[in-house]
Amino acid sequence: MMWNAKKGTPAPPKAKAKEKAKKAKKIVLKSIHSHKKKKICTSPTFRWPKMLRLWRQPKETKQAGPLRVYQVSHNHRVSLKKTEDNNTLVFIVDVKANKYHIKQAM
């Protein structure tokens, strides 16, 4: 029997160590590690697995002050003709304004 260098106790024999290892193996194989299979790649190109992409969570909203939607009515030759013929009004509006903003401003 060999003596343990750190303590004055005898080291366990190999049979006990093997038995202990077999018990540990049995416990490990009871969990998810018992039925692992290697994935087979059928495609020659590697496709990176898709990862979770979360939406942005900003601390502040990116809203500027109120838009100055309606700037001036357009009094040009072409716009006056449109007013007479098609019964439509022509305005010069803000670049960032959409139909909804223009309707609210009118």
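Here the structure is a predicted model, which means the values were calculated and not measured. (Residues numbered from 1 in each chain as written. Predicted model: local features only at pLDDT ≥ 70, side-chain atom pairs only at ≥ 80, totals over all residues. Heavy atoms only, no water.)

Undergrad: Would you mind going over helix H2 (residues 77-86) in detail, with residue names and values included?
TA: Quick reminder: α-helices carry 3.6 residues per turn. Residues three or four places apart thus point the same way. With one of 10 residues buried, H2 is to be regarded as a mostly surface element. Following H2 by one or two positions, asparagine 87 has its phi on the positive side, about 60°. (Buried < 20%, exposed > 50% of the residue type's maximum accessible area, 1.4 Å probe, protein only. Helix = DSSP H or I, 4+ residues; strand = E, 2+ residues; numbered from the N terminus.)

Undergrad: How would you summarise the side chain of serine 79 if you had to cite specific residues and measurements?
TA: Among the structural elements, serine 79 can be located in helix H2. Residue class for serine 79 comes out buried when judged on its relative accessible area of 4%. The contacts of serine 79, once residues within four sequence positions are left out, are His74 and Val90. (Contact = heavy atoms within 4.5 Å.)

Undergrad: Before we move on, can you summarise the confidence of the model for the chain with the specific residues and values?
TA: This prediction gives the chain a mean pLDDT of 78; 77% of its residues lie at or above 70. Within the chain, no element has a lower average pLDDT than strand E1 (residues 70-73), which sits at 70, and none a higher one than helix H1 (residues 14-30), at 86. (pLDDT = per-residue confidence, 0-100.)

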